[in-house]
Amino acid sequence: MQDTTKEIRDKVVLVGLNSPVLKQEENADEDTMEELSALVETAGGETVGIVLQNRPSPDPRTFIGEGKVAEVQLYCENTGATMVIFDNDLSPSQMRVLTQLLGVQVLDRCGLILDIFAQRAQTREGRLQVELAQYQYLLPRLTGMWTHLERQAGTSGKGPIGSKGPGETQLETDRRHIHRKIDKLREDLKDVRRVRGTQRQQRRKNEVPVVAIVGYTNAGKSTLLNHLTGAGIPANNRLFDTLDTTSRLLRVSDTLDVVVSDTVGFIRKLPHQLVEAFKATLEELEYADLLLHVIDVSNPEWQLQAAVVENLIRELGAGELPRIDVFNKSDRLPVGEIMPHGEDICAISARTGEGIDRLLEMIDQRLDKGTRRVVLHLPYDKGSLLDMLYREAKVEQVEYGETIDVTVVCGPRTLGQVQPFMED
Ligand SMILES: Nc1nc2c(ncn2[C@@H]2O[C@H](COP(=O)(O)OP(=O)(O)OP(=O)(O)O)[C@@H](O)[C@H]2O)c(=O)[nH]1
Ligand SMILES: [Mg+2]
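Residues numbered from 1 in each chain as written. Chains lettered and ligands numbered in written order. Predicted model: local features only at pLDDT ≥ 70, side-chain atom pairs only at ≥ 80, totals over all residues.

**A few points about the overall build of the protein**
Of the regular secondary structure elements, the protein holds 15 helices and 13 strands. Every one of the 424 residues in the protein was classed for burial, and the buried ones make up 38%. If you take every contact in the protein between residues at least 6 apart in sequence, the share linking residues at least 24 apart comes to 68%. (Helix = DSSP H or I, 4+ residues; strand = E, 2+ residues; numbered from the N terminus. Buried ≥ 20, exposed ≤ 12 C-beta atoms within 10 Å, placed from the backbone. Contact = placed C-beta atoms within 7 Å.)

In structure tokens:
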């Protein structure tokens, strides 16, 4: 959709608000501002200043209060900044007011992340997903984003946003247009996904277990996949380097081959439109037999980052899956530092390869434990489970007697669903 790449190369002033009435995850602090600055860099911009404000409560109209707005405006003039990005979420009306008062483009973290995704999406599905998220984000902000629409229509209306608002009728037309666009995008996405669903079913039939690598952005997911499989995926020191899921076959041991998938990284305050839009890509998670949660243990914020990932995993319906916590970048820890340890924890360095052998052993154990040949006695009213087994596992024999007796080879996830009908 809109290409805001040009704008984000600008000099940027970052603004964050800390207030006791905001929830912890909505507040800004030095760490979140640093992360925001890294996001600006990923987007190709340059941070020229950071303003962190403490306030008892956000101002409903200007968020940071008129006095602070004047200060930020002066800051922009002095530094030549052409864009101000807020770490906190702004309401559509706050964004409009601030754009007017500051006289430069105003974005919030969500908007910035959406822009980055728009720049970096490669596959057709990725692009469709980002476009869908952008339109959903755009809808309530329509007046403020007017120039984008104009540009998109090819009339190249440049100039400060909000300086020339469209008439109400024009707005209505735009809204209808966007609703139609959203419907169309959903349809297109459905088509793309149908193909992937078929591929996945094929994999299920062959009983190749799926291992999904998840984790905070920049934790080292792609580096790990590269190390494991020689996948050769770009792995750069910037946020959201990977947007598309890449899968590779990995020989874990003589008897076990798995498919390993790299996935898009998570971040705090991930725009919910993006979570929605990317749910399908992240479907890989739901269908995985094992998750590798990669944690950058050299980051002082790793605990908070891990919690963000945990929450998103749950939100995506993958909270119950078997999981190994992979503590990565152990080479960066000071000698003598104690690593977290436990049964489902593995410390590695994806860069030096340290600990990878043990990780492979753990993967082997976890998956091997799961894949078994079992005999089930399904009551006739549970006949639908048989369909599921045909879809997701390898059915070897079916006999119809008092119950439906099925001999089947299946992985841990499938096994969980048919456990009550298993023969001892
Ligand atoms: N020192 C050290 N650096 C690492 C290690 N693993 C990854 N890195 C570096 O960390 C940066 C990010 O690695 P990626 O593999 O791109 O991280 P990612 O999780 O795929 O990141 P996104 O795709 O952006 O979400 C790169 O500069 C890697 O070289 C490690 O074990 N040790
Ligand atoms: Mg990556």
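Back to the text.
**Regarding the nonpolar core**
Judged by nonpolar contacts, the single largest core of 89 residues is most densely connected at Val-84, Ile-85, Ile-113, Phe-117 and Val-211. Filtering out sequence-adjacent residues up to four positions away, Phe-117 remains in contact with Val-130, Phe-240, Leu-243 and Leu-274. Within the second largest apolar cluster, seven residues are counted, among which are Leu-376, Leu-389, Val-406 and Val-408. (Core = buried A, V, L, I, M, F, W, Y, C linked by C-beta atoms within 7 Å.)

**What to know about the sheet that holds strand β9 (residues 323–328)**
Reading across from one edge, β6-β7-β5-β8-β9-β10 is the order of the six strands in this open sheet, with mixed pairing throughout. Strands at the two margins of the open sheet, each flanked by one partner only, are β6 (246–253) and β10 (345–347). Taken pair by pair, the neighbouring strands of this sheet meet at an average axis angle of 25 degrees, ignoring direction. Bridge count for β6 against strand β7 (residues 256–262) is seven bridges, and the pairing is antiparallel. Looking at β7, one finds that Arg-251 is bridged to Asp-257. Strands in contact with helix α12 (residues 302–315) are β5 (210–215) and β8 (290–296); relative to β8, the strand with the most contacts, it is inclined by about 155 degrees. (Pairing = 2+ DSSP bridges. Axes fitted to C-alpha atoms, helices over the stretch in contact; angles between N-to-C directions.)

**Comments concerning the packing of helix α5 (residues 109–120) against helix α6 (residues 124–138)**
Across the interface, α5 lies against α6 with an axial gap of 9 Å and an inter-helix angle of 155 degrees. Of the possible angle classes, the one that applies to α5 and α6 is roughly antiparallel. α6 is crossed by α5, and the crossing has left-handed handedness. The residues of α6 that touch α5, namely those facing Cys-110, Gly-111, Leu-114, Phe-117 and Ala-118, are Val-130, Ala-133, Gln-134 and Tyr-137. (Parallel < 35°, antiparallel > 145°, perpendicular 65-115°, else oblique. Left-handed = near helix turned anticlockwise from the far one by under 90°.)

**Points about the sheet that holds strand β12 (residues 394–400)**
Spatial strand order, β11-β13-β12: three strands in an open sheet with antiparallel pairing. Two strands lie at the open edges of the sheet, namely β11 (372–378) and β12, each paired on one side alone. Strand-to-strand twist in this sheet, taken as the mean axis angle between neighbours without regard to direction, amounts to 15 degrees. Of the strand pairs in this sheet, β11 and strand β13 (residues 404–410) are connected by seven bridges, and their pairing is antiparallel. Along β13, the bridge assignment pairs Arg-373 with Val-409. Strands in contact with helix α14 (residues 383–392) are β11, β12 and β13; relative to β13, the strand with the most contacts, it is inclined by about 30 degrees.

**What to know about the domain arrangement of the protein**
Taken domain by domain, the protein consists of domain 1 (5–120), domain 2 (121–204), domain 3 (207–369) and domain 4 (371–421). Once you take the C-alpha centre of each, domain 3 and domain 4 turn out to be 31 Å apart. (Domains from an automatic or database assignment.)

**Observations concerning unusual backbone geometry**
If you check the backbone angles, Asn-218 has positive phi at about 75 degrees while not being a glycine. By the secondary structure assignment, Asn-218 is in the loop between β5 and α9 (221–229). A count of 25 C-beta atoms within 10 Å places Asn-218 in the buried class. The residue Lys-329 is not glycine, and still its phi comes out positive at about 65 degrees. Positionally, Lys-329 belongs in the loop between β9 and β10. Owing to 23 C-beta atoms within 10 Å, Lys-329 belongs among the buried residues under this scheme.

**A look at the packing of helix α2 (residues 30–42) against α5**
Two elements in contact, α2 and α5, have axes whose closest approach is 10 Å; the angle formed by their N-to-C orientations is 35 degrees. Helix-helix and strand crossings are classified by hand; for α2 and α5 the assignment is left-handed. Each of Leu-36, Leu-39 and Thr-42 in α2 lies in contact with α5, whose residues at this interface are Arg-109, Leu-112, Ile-113 and Ile-116. For the contact of α2 with α5, the residue count by class is five nonpolar, one polar and one charged. (Nonpolar A, V, L, I, M, F, W, Y, C, P; charged D, E, K, R; others polar.)

**Digging into the site of ligand 1**
Residues in contact with ligand 1 amount to 23 residues; listed here are only the nearest, Gly-220, Ala-235, Asn-237, Thr-242 and Gly-265. The biggest single contributor to the shell around ligand 1 is α9, with three residues. Its residues assigned to classes, the shell around ligand 1 comprises five nonpolar, twelve polar and six charged. (Near = placed C-beta within 6 Å.)

**Observations concerning α5**
The terminal C-alpha atoms of α5 lie 17 Å apart, and with twelve residues this matches the ideal 16 Å at 1.5 Å per residue to within 8%. Of all twelve residues in α5, ten are buried; the element is thus mostly enclosed. Along α5, the residues classified as buried are Arg-109, Cys-110, Gly-111, Leu-112, Ile-113, Leu-114, Asp-115, Ile-116, Phe-117 and Ala-118. (Expected span 1.5 Å × (residues − 1).)

**A look at the environment of Leu-14**
Mapped onto the secondary structure, Leu-14 falls in strand β1 (residues 11–18). Spatially, the C-alpha atoms of Leu-14 and Asp-424 are 62 Å apart, while their sequence positions differ by 410 residues. The contacts of Leu-14, once residues within four sequence positions are left out, are Met-33, Leu-36, Ser-37, Thr-47, Ile-50, Val-51, Ile-85 and Asp-87.

**Section: the environment of Thr-99**
Structurally, Thr-99 can be placed in helix α4 (residues 92–102). Judged by the 22 C-beta atoms lying within 10 Å of it, Thr-99 is buried. The spacing of Thr-99 and Leu-415 is 316 residues in sequence and 55 Å in space, taken between C-alpha atoms.

**Regarding the environment of Ile-348**
Following the sequence through the fold, Ile-348 ends up in the loop between β10 and α13 (356–370). Through-space distance from the C-alpha of Ile-348 to that of Arg-176 is 52 Å; in sequence the pair is 172 residues apart. With residues near it in sequence (within four places) discarded, Ile-348 still touches Val-326, Asn-328, Ser-330, Glu-354, Gly-355, Ile-356 and Leu-359.

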